[in-house]
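Overview (structure and organization)
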Amino acid sequence: MLSFPNAKINLGLNITEKRADGYHNLETVFYPINIKDSVEITDAEVTSCKIHGIDIPGDPNDNLCFKAYQLVKMDYDIPAQQINLLKNIPVGAGLGGGSADCAFLIKLLNEKFTLGMSVDKMEGYARQLGADCAFFIENKPVYAFNKGDEFEKCEIDLSAWFKVLVKPPVHVSTVDAYAHVKPQKPLQSLKEIIHLHPTTWKNKVINDFEISVFAKYPQIRQIKTSLYDAGATFALMSGSGSSVFAIFDHPVKLPELEENNLVFYGI
């Protein structure tokens, strides 16, 4: 069986406080976009994970997809599977590709072996793998809070806008990004601001990671500036970086940004 995990962007990201357990509380809006990997499972003698496409450092059997299989296997009698993962979603880009892959694998196992797992049950497995993994079970826009793993429905639809994402040849470490961010309570919750018209988002919908990440990687700041110069209604770095997305009220081509970056149109 085959499925196509998609990426996400963060429509705003406020790091509100440092938790006693070492994590951070935050608020953000996860929004699915049309950049996709593919994940396939087939019956096998021994469970293993093979990764194709974009190179990912490390042992493939340390991949979140392999760990997701192991979690489900603890509770259900399912046979060994060959996991084939084709990576297309850029890594180190704040797009949640790895999180999407493991969540979609959980859904694949549920479907293939008719396990009858509820959404809550599948989200429970996904939460054990990463803070944003559970989002991809339902894969609909949500307001996320606490560690980013608690959700409220968010009625937001950007389908009428032309969306562009730019990924520079830079890998931003999430751990490093968190180490340099300064948690603070926002003056106004993103939960309220996000329902304003997108033409008002500039300078209101922010990403707290931008200050420290832009200081270390000025080329990411320049991408955001270039998107606004090209007429974007709104532009923001996604997650802890390094990708920057923008919404336009008309289709655009950005050849100058294509010279040194990956550019995805109509996402």
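Up top is the structure.
The following refers to the structure shown. If you're wondering where the values come from, they're calculated on a predicted model, not measured in any experiment.

1. Concerning the sheet that holds strand β5 (residues 48-53)
Taken together, the four strands give an open sheet; going across it, the order is β1-β4-β6-β5, and neighbouring strands pair in mixed fashion. Every other strand in the sheet has two partners, leaving β1 (2-3) and β5 as the edge strands with one partner each. Across two bridges, β1 lies against strand β4 (residues 38-43) in antiparallel orientation. When the sheet's bridge partners are listed, L2 is paired in β4 with E40. Packing of helix α1 (residues 64-75) onto the sheet brings it into contact with β4, β5 and β6 (81-87), and relative to β6 it is tilted by some 150°.

2. Description of the side chain of T233
With respect to the element layout, T233 can be found in the loop between α8 (218-229) and β10 (234-237). Setting aside residues up to four positions removed in sequence, T233 forms contacts with W161, P198, T199, Y228, I247, F248 and D249.

3. Some thoughts on the sheet that holds strand β12 (residues 262-265)
The four strands are arranged β10-β11-β9-β12 in an open sheet whose pairing can be described as antiparallel. Only two strands of the sheet have a single partner each, and these edge strands are β10 and β12. The mean angle between the axes of side-by-side strands here comes to 15°, regardless of whether they run parallel or antiparallel. One ladder, built from four bridges, connects strand β9 (residues 162-167) with β12; its direction is antiparallel. Each residue of the ladder has a partner; that of V164, found in β12, is Y265.

4. Observations regarding the nonpolar core
Core analysis: the biggest nonpolar cluster contains 55 residues, and L11, I33, L165, I194, W201, I220 and L227 have the highest contact counts within it. Apart from the residues within four sequence positions on either side, I194 is in contact with L11, V29, C154, I156, W201 and V205.

5. A short note on the pairing of strand β8 (residues 150-153)
Where strand β7 (residues 142-145) and β8 come together, four bridges link them in antiparallel fashion. Looking at β8, one finds that Y143 is bridged to E152. Counted along the chain from β7 to the antiparallel partner β8, the turn is four residues long, and its residue N146 has a positive phi close to 55°.

Definitions and cut-offs
All residue numbers here refer to positions counted from 1 along the written sequence of the relevant chain. Only residues with pLDDT of at least 70 are given local features in this predicted model, and only at 80 or more are side-chain atom pairs given and counted; all residues enter the totals for whole chains, interfaces and linings. Excluding hydrogens and water, the side-chain values take into account all heavy atoms of the structure. The rule for pairing is simple: two strands pair if DSSP sees at least two bridges between them. Strands are runs of DSSP state E lasting at least 2 residues, helices are runs of H or I lasting at least 4, and numbering of each runs from the N terminus. Two residues form a contact once any of their heavy atoms are found within 4.5 Å. In this analysis an axis means a line fitted to C-alpha atoms, helices contributing only their contacting stretch, and an angle means the value between N-to-C directions, from 0 to 180 degrees. The definition of a nonpolar core used throughout is a set of buried Ala, Val, Leu, Ile, Met, Phe, Trp, Tyr and Cys residues joined through side-chain atoms within 4.5 Å. Only protein chains enter the accessibility calculation, which uses a 1.4 Å probe. A residue is then buried if its area is under 20% of the maximum for its type, exposed if over 50%, and partly exposed in between.

The values are spatial; any link to function lies outside them.
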